[in-house]
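For reference, the chains in residue letters:
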Amino acid sequence: TVTGVQTCALPILIMKAEEIKTIVVIGAGAMGQQIAMNTVMNGREHSYQVILCDSFEGAIGKAEKWASDYLSGRVAKGRLTQEEADKIADCLTITKDVDTAVSEADFIIEAIIENLEIKRELFRKISRICRPDAVLGTNSSNIVSSRLADVTVNPERLLNIHYFNPALVMQLVELVKGGHTSEETIEAARVFAENTGKTPIVLNREIAGFVANRINAAVVHEALSLLEKGVATVNDIDTACEKGLGYPMGPFRLMDLTGIDVNYYVRVERFAESQDPFDAPNPLVIEKFEKGEYGRKTGKGWYEYPDGRK
C-alpha cells in the first residue's frame, strides 16, 4: 500500500496504443464534447468508439443536441456527407451511466470542473472500476496529475493530457509526465493524440500551467497592464496581437472564449501556491468575476455577445 492506494507487487503493463479502441470522456461540457467529437471524427481509421458521459442529466441533453447540430451543420456546409455523419454518430455514445462507461474504457479522459477535491474523488472511484491497464488522463492544465496519484490505483498509467479550446480546431495537445507516470503511458497517449489529428508535445516534468499557458499568461499579464494604464483599449490590444504578432485571437477575446472565471480561479490557486504577486488575479479580472461577466458563456466579458457569439 502506498499512501492508501493498493498497488500490485508486479508492475502493471500499460495498454499499448494499438490496443486502445474504447475512449471514455468524462464531463459533457464544452471541452468534453469537443474532445469526444474530435476523437470520433479524426480517429475513424483506428475504429475508436467514444463514450461521452456525465452524471448530470441536463449536461447529457445539451451534449446530445450539440453533437446532432454540429454534424448536421457539417453536412449542410458540404464538409461531410450524410453517410459519413451517420457513421460518426454511430461511433459516439452519450450517457449518464458513468460507471458502466468507465468499466468498458481503454483510455479515460477527464474533463470536469477545475476543482481538486472533486477530481480526486472521481479518480479514486474510476481507478477502481476500470481495467487495471487502462490509461487515465486529466485534461486539466492547472491541476497536475501528481495531485491525483495518491488516490489512483496503479498511478503509473496516470498523466495530464491537455487539449486547447476549441478542441476541434486547436492542434496542440500537451502530455505531462509526473513522477509516477510510466514511459509506456506517455507513449500510448502520444500515439493516440497523433491518431486523432493532434500534435502532441511531452513535458518531462510537471510545472504549473505547462508550456503554452505559461507563455500566454505572460501575454495576458502585459495586456491587462496596458489596459490598466490606459495605453490602449481592449479591442486595440487584441488587434495589435492579431495583426501585428499573428495571433489567431487576442488575449481579451481568448479570455472571453475560455472564461474569465477560469482565468480568475487559476490565478487564485497559483497565487496561493507561489505567493508571487505576478500570479495573483488582476484587479480588472476580479471586477469582471464579481459581476458575473465571464465572457461568451454569460453574454458579456471584455466584449458583449447579445447572441452568444462574436
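Relevant structure appears above.
Note that the structure is predicted; figures quoted are calculated from it, not measured.

## Describing the sheet that holds strand β2 (residues 49-53)
If you walk across this open sheet you meet the eight strands as β3-β2-β1-β4-β5-β6-β7-β8, and the pairing is mixed. Edge strands, defined here as strands with exactly one partner in the open sheet, are β3 (92-95) and β8 (199-203). The sheet shows a mean angle of 25 degrees between the axes of neighbouring strands, taken without regard to direction. Summarising the sheet, strand β6 (residues 158-163) and strand β7 (residues 172-176) pair through four bridges and their orientation is antiparallel. Residue pairing in the sheet places H162 in a bridge with E174 of β7. Together, β1 (22-26), β2, β3, β4 (107-110) and β6 form the strand contacts of helix α1 (residues 30-42), whose direction differs from that of β2 by roughly 170 degrees. Along the sheet, helix α5 (residues 116-129) contacts β1, β4, β5 (135-138) and β6; its crossing angle with β5, the most-contacted strand, is approximately 170 degrees.

## Observations regarding the environment of D90
Checked against the element boundaries, D90 lands in helix α3 (residues 82-90). D90 sits in the exposed class, given a relative accessible area of 61%. Put simply, D90 and F278 are 188 residues apart on the chain and 48 Å apart in space, counted from C-alpha to C-alpha.

## Considering the pattern of salt bridges
Inspection of the entire model under this criterion finds 23 salt bridges. A salt bridge links E273 to R147; the nearest nitrogen and oxygen atoms lie 3.1 Å apart. Of this pair, E273 sits in helix α11 (residues 260-274) while R147 sits in helix α6 (residues 146-149), and the two are 126 residues apart along the sequence. Classification of R147 by relative accessible area gives partly exposed; the value is 27%. Between E183 and K177 there is a salt bridge whose closest N-O contact spans 3.9 Å. By relative accessible area, K177 is classed as buried at 17%.

Rules used in this analysis
- Starting afresh in each chain, residues are numbered from 1 along the sequence in its written order.
- In keeping with the model being predicted, local features are shown solely for residues with a pLDDT of at least 70 and side-chain atom pairs are shown and tallied solely at 80 or more, while totals for entire chains, interfaces and linings include all residues.
- Each side-chain value is derived from all of the structure's non-hydrogen atoms; neither hydrogens nor water enter the calculation.
- DSSP calls a pair of strands paired once it identifies at least 2 bridges connecting them.
- Put simply, DSSP marks the helices as runs of H or I at least four residues long and the strands as runs of E at least two long, and each gets a number from the N terminus on.
- To obtain an axis, a line is fitted to C-alpha atoms, over the contacting stretch when the element is a helix, and the angle between two such axes runs from 0 to 180 degrees between their N-to-C directions.
- Residue contacts are defined here by distance: any two heavy atoms, one from each residue, within 4.5 Å place the two residues in contact.
- Summary of the burial criterion: residues with accessible area below 20% of their type's maximum are buried, those above 50% are exposed, and those between are partly exposed, where the area comes from a 1.4 Å probe applied to protein chains only.
- Basic side-chain nitrogens of Lys or Arg form a salt bridge, by our definition, when they fall within 4 Å of a carboxyl oxygen of Asp or Glu.

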